[in-house]
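Commentary on secondary and tertiary structure
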Amino acid sequence: MSNILILYASASGNTELMAEVMATYLENLQHKVTIKNFDFDQITAEEIKDYDAALIGIYTYDYGEIPYEVEFFYDELDEVELTGSICGVFGAGDSAYGDTFGTAVDLMYEKLEECGVHLHPVRLKVDLTPDKKDIRNCEELAKSVLLLVSGKEANVAE
Ligand SMILES: Cc1cc2nc3c(=O)[nH]c(=O)nc-3n(C[C@H](O)[C@H](O)[C@H](O)COP(=O)(O)O)c2cc1C
């Protein structure tokens, strides 16, 4: 059983739905899931270290930016060392914004990369409300992150 943290920011529910799909998928496989919302829950960058993996969901706001409620966490990442931590990043955007479609996902991904995090390479972006294919992709991302966790365990056991 893995211990997975899901953090997400969502103003209108699209990223929240993605987070919930991943949580349900993981819980159905008997993994332990802690799900936190940047708006309501206390979240620190350090706590990523307490879990086998973290899935971080973020919608894009303000023409390519991260949302306000994630700024503190994002800045805190400059101060932490997360080498060996495993993460996946996902989030909703709106393709009508053109070049800045889902760029908060990229900003978060790149910041985590700077902290030494082992990231799943897929930056999962959904255009507004997740459709069936997007939901499958959310489950795939959760599944792939679990595989990274079991790969790490296998390395430790060697
Ligand atoms: C002021 C404002 C600016 C936005 N800027 C962008 C943007 O630059 N790129 C993008 O992909 N979406 C942008 N969006 C759209 C949201 O990211 C999109 O509606 C997303 O699906 C919201 O996800 P949520 O339901 O999880 O909050 C913007 C929305 C607002 C209200």
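Looking now at the environment of Ile 58. Mapping Ile 58 onto the fold places it in strand β3 (residues 53-58). With 49 residues separating them along the chain, Ile 58 and Ala 9 place their C-alpha atoms 5.0 Å apart.

As a further point, take the site of the ligand. Close to the ligand lie 20 residues; Ser 10, Ala 11, Ser 12, Thr 60 and Thr 100 are nearest. With respect to the ligand, the side chain of Thr 15 contributes an N or O atom lying 2.7 Å from an oxygen atom. For the ligand, whose unbound accessible area comes to 640 Å², protein coverage reaches 85%. Sorting the residues of the shell around the ligand by element identifies α1 (14-28) and β4 (86-93) as the ones contributing at least two each. Here the residues of the shell around the ligand are counted per class, giving eight nonpolar, ten polar and two charged.

As a further point, take helix α3 (residues 103-114). Compared with an ideal rise of 1.5 Å per residue, which puts twelve residues at 16 Å, α3 spans 17 Å between its outermost C-alpha atoms and is within 8% of the ideal. Of the positions making up α3, those classed as buried are Thr 103, Ala 104, Val 105, Asp 106, Met 108, Tyr 109, Lys 111 and Leu 112. Along its buried surface, α3 packs onto β3, α2 (71-76), β4 and β5 (118-127). Positioned one or two residues after α3, Gly 116 has a phi angle of 90°, which is positive.

Quick look at a negative patch on the surface now. A grouping of Asp 62, Glu 65, Glu 71, Asp 75 and Glu 79 is seen on the molecular surface, where their side chains present a negatively charged patch. Examined against the element boundaries, Asp 62 turns out to sit in the loop between β3 and α2.

Here we come to α1. Across its 15 residues, α1 extends 21 Å between first and last C-alpha, which sits within 8% of the 21 Å expected from 1.5 Å per residue. Within α1, burial applies to Asn 14, Thr 15, Met 18, Ala 19, Val 21, Met 22, Ala 23 and Leu 26. Gln 30 lies just past α1 and shows a positive phi near 75°.

In the structure shown here, the tally under the stated rule is eight salt bridges. For Arg 123, the salt bridge is made with Asp 106, and the minimal N-O distance between the two is 2.9 Å. Within this pair, whereas Arg 123 is found in strand β5, its partner Asp 106 is found in helix α3, the two being separated by 17 residues in sequence. Under the relative-accessibility criterion, Asp 106 is labelled buried at 15%. Between Asp 106 and Lys 125 there is a salt bridge, with its nearest N and O atoms 2.7 Å apart. Of this pair, Asp 106 sits in helix α3 while Lys 125 sits in strand β5, and the two are 19 residues apart along the sequence. Residue Lys 125 is classed as partly exposed on the basis of its relative accessible area of 25%. Beyond isolated ion pairs, a larger network of salt bridges with shared partners links Asp 106, Glu 110, Arg 123 and Lys 125.

The rules behind the values
Residues numbered from 1 in each chain as written. Predicted model: local features only at pLDDT ≥ 70, side-chain atom pairs only at ≥ 80, totals over all residues. Heavy atoms only, no water. Helix = DSSP H or I, 4+ residues; strand = E, 2+ residues; numbered from the N terminus. Near = heavy atom within 4 Å. Polar contact = N/O pair within 3.5 Å; in protein donor to acceptor, adjacent residues only side chain to side chain. Areas by Shrake-Rupley, 256 points an atom, 1.4 Å probe, with all protein chains shown as cover. Nonpolar A, V, L, I, M, F, W, Y, C, P; charged D, E, K, R; others polar. Expected span 1.5 Å × (residues − 1). Buried < 20%, exposed > 50% of the residue type's maximum accessible area, 1.4 Å probe, protein only. Contact = heavy atoms within 4.5 Å. Patch = residues over 30% accessible without salt bridge, like charges linked within 9 Å, V, L, I, M, F, W, Y side chains within 5 Å. Salt bridge = Lys/Arg side-chain N within 4 Å of Asp/Glu carboxyl O. Lys, Arg positive; Asp, Glu negative; His and termini not counted. Charge placed at Lys NZ, Arg CZ, Asp CG, Glu CD.

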